[in-house]
Amino acid sequence: MSDREPLFSKKNLNLLSDPMDNSNPITVQVLGICSALAVTAQLKPSVVMSISVMAVLGFANVIISLLRNGIPNRIRIIVQLVVIAALVILVDQVLKAFVYDVSRQLSVFVGLIITNCIIMGRLEAFALGNKPWPAFLDGVGNAAGYGVILIIVGFFRELLGAGTLYGYKIIPDSWYIVNGGFYENNGLMVLSPMALVAVGIIIWVQRSRNRQLIED
Amino acid sequence: MDSNSNVYTFIYASVMVILVAAILSITAINLKPLQDKNIEVEKKKNILASVSIPATAENAEKLYAEKIVNSYIVNSKGEKVDGDAFVVDLKKERAKPVSEQNLPVFECEVDGSVKYILPLRGSGLWGPIWGYISLENDMNTVYGANFDHEGETPGLGAEISTDMFEVPFKGKKLFDQAGKFVSILVAKANESAPEQHKVDGISGGTITSKGLEKMLLDDLSAYEAFFNSKK
């Protein structure tokens, strides 16, 4: 039994792939909805937010996993919060100093990562009880599962709400009613309620494909 | 040592907090000069953007030195006051009564004629918004505008910093035909105003749009005496 588990064993790979589908943090665990509504009006912030969450969640999981045997049980939530907040502030400071444009892009979202329920959820549920490497994979996997949903929602909201994708025009100008065409952007898509509806539709599609996810 | 004992918990918490505080302060202090430099370059870029000179982080300083021919501070009576216009902190100025405010003016030469650039600062929905507006030398026609914000909602209020919103400011008038100061209305679909005094607001970004309208009115009206003295 002293054999070391290979780095990319089936179990470890599942840590990466499960959150993309059957244990997706947004559609199955329904965590991180707040930021999913706030940043998905356009595709670009959705992508940037996903990458930032991935960086923070990956590192936070590793740090908490390294500390897991020393953390006093009664203040573990506070310790987790301090680790997350410190990481997020470090990332923010470094971005401001070296890639100011990116930092301007992200503006408040970097700070918002601190309050993302997925991060604390993963620290509490996984990193506290597992070794650093699986914890890192779990962090990256969950952030990817979060990111996929953000990007899908951002894609539809930007396309239908503004007629652009990643800032580039997709719907030709001549299609618009003001230019004599037949098409009009759906203003509702840029407002946050439509993000909730979009997430709802994704949940619906996912559960009709996989009936095991349906609760009684 | 028992990791659930009170002593251990206290020591753990104290060491952790001191350690994290030290790491964060050291990072913040060491990165401060770089960050300040970025903010200064960004400001120069924004000033240049209001007269439609595109600048990058690399050439902003050089272009600024070339194009901005003069800068000074005026008061609400339109008289010049001593001081460096570039370092005026608008946040502090706006907290004072209008008669005591330092009002910065930047003069920029574009194609042989002088444009006047005025800084603006107000509030959007979530936080401060600011910008620069440039005027032709008739002190009435807008030559260009550039707006920015701290944390307006992307896709909604944050659209104030896009060309789609900024470009229509060009050619708008601050004074009506009778010479009365009216500023520029950022209109919702159901609001009507003479075409030369209005730009379209942002759907879904009403509070930001109206904050911007108030910023234009408040900040530009402080310059009224200065405008009249230049006419």
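Below you will find a few notes about this structure. Since we're looking at a predicted model, the values are computed, not measured.

With that settled, the discussion passes to the pairing of strand β3 (residues 103-110) of chain B. Residue and element names in this part refer to chain B. When you tally the buried positions in β3, you get seven out of eight residues, the bulk of the element. Note that β3 and strand β4 (residues 113-123) share five bridges and pair antiparallel. Paired with E107 across the bridge in β4 is Y116. Between β3 and β4, which pair antiparallel and follow one another directly, the connecting turn spans two residues, one of which, D111, has a positive phi of 50°.

The subject of this paragraph is the interface of chain A and chain B. Counting residues at the interface gives 28 residues for chain A and 30 residues for chain B. For the pair chain A and chain B, the summed buried area comes to about 2,400 Å², and 63% of that belongs to carbon and sulfur atoms. Among the residues of chain A in contact with chain B, R74, Y100 and R104 of chain A are the three that bury the most area, contributing 21% of the side total. For the pair chain A and chain B, the number of links is zero salt bridges. Linking chain A with chain B are eight residue pairs in polar contact (both at pLDDT 80 or more), by the criterion used here. If you list the elements that add at least two residues to the side of chain A that touches chain B, you get α3 (43-67), α4 (76-98), α5 (100-106) and α6 (108-112) of chain A. In terms of residue count, the dominant contributor to the side of chain A that touches chain B is α4 of chain A (ten residues). Classifying every residue of the side of chain A that touches chain B gives 19 nonpolar, five polar and four charged.

On to the packing of α3 of chain A against helix α8 (residues 132-162) of chain A. Residues and elements named next belong to chain A. Put simply, α3 and α8 touch, their axes get as near as 8 Å, and they point 165° apart. Between α3 and α8, the angle falls in the class roughly antiparallel. In the packing of α3 onto α8, the handedness of the crossing is right-handed. Looking at the contact of α3 with α8 residue by residue, the class counts come to 18 nonpolar, nine polar and three charged.

Attention now moves to the nonpolar core. The biggest cluster of nonpolar side chains holds 42 residues, and the ones touching the most others in it are I26 and M49 of chain A. Secondary-structure elements contributing two or more residues to this core are α2 (33-38), α3, α4, α6, α7 (117-125), α8 and α9 (192-209) of chain A together with α1 (6-49) of chain B. Leaving out residues up to four positions away in the same chain, M49 of chain A has contacts with S35, V39, F109, I113, Y146 and L150 of chain A. Residues Y72, L103, I160 and L216 of chain B belong to the second largest nonpolar core, which totals 32 residues.

About the cut-offs
Just so you know, the residues in each chain are numbered from 1, in the order the chain's sequence is written. Here chains are named by letter from A upward and ligands by number from 1 upward, in the order in which they appear as written. Only residues with pLDDT of 70 or above have their local features reported here, since the model is predicted, and side-chain atom pairs are shown and tallied only from 80 upward, although totals for entire chains, interfaces and linings are computed over all residues. Hydrogen atoms and water are omitted, and side-chain values are computed over all heavy atoms in the structure. For the exposure calls, accessible area comes from a 1.4 Å probe over protein chains only, and a residue counts as buried if that area is under 20% of its type's maximum, exposed if over 50%, partly exposed in between. Helix and strand assignments follow DSSP, with helices taken as H or I runs no shorter than four residues and strands as E runs no shorter than two, numbered in order from the N terminus. Pairing between strands is defined by DSSP: at least two bridges between them are needed. We call two residues in contact whenever any of their non-hydrogen atoms come within 4.5 Å of each other. Reported buried area values correspond to the accessible surface (1.4 Å probe) lost by two parts on association, with both partners' losses combined. What makes a salt bridge here is a side-chain nitrogen of Lys or Arg within 4 Å of a carboxyl oxygen of Asp or Glu, nothing more. Under this definition, polar contacts are N or O atom pairs within 3.5 Å; protein pairs additionally need one hydrogen-donor-capable and one acceptor-capable atom, and for neighbouring residues in sequence, both atoms have to be side-chain atoms. Residues are grouped as follows: nonpolar covers Ala, Val, Leu, Ile, Met, Phe, Trp, Tyr, Cys and Pro; charged covers Asp, Glu, Lys and Arg; every other residue, Gly included, is treated as polar. Axis definition: a line fit to C-alpha positions, over the contact stretch in the case of helices; interaxial angles, taken between N-to-C directions, run 0 to 180 degrees. Should an angle fall under 35 degrees it is taken as roughly parallel, and over 145 as roughly antiparallel, whereas 65 to 115 is taken as roughly perpendicular and any remaining angle as oblique. A crossing counts as left-handed when the near helix is turned anticlockwise from the far one by less than a right angle, and as right-handed when that turn is clockwise. Residue types Ala, Val, Leu, Ile, Met, Phe, Trp, Tyr and Cys, when buried and joined through side-chain atoms within 4.5 Å, form a set referred to as a nonpolar core.

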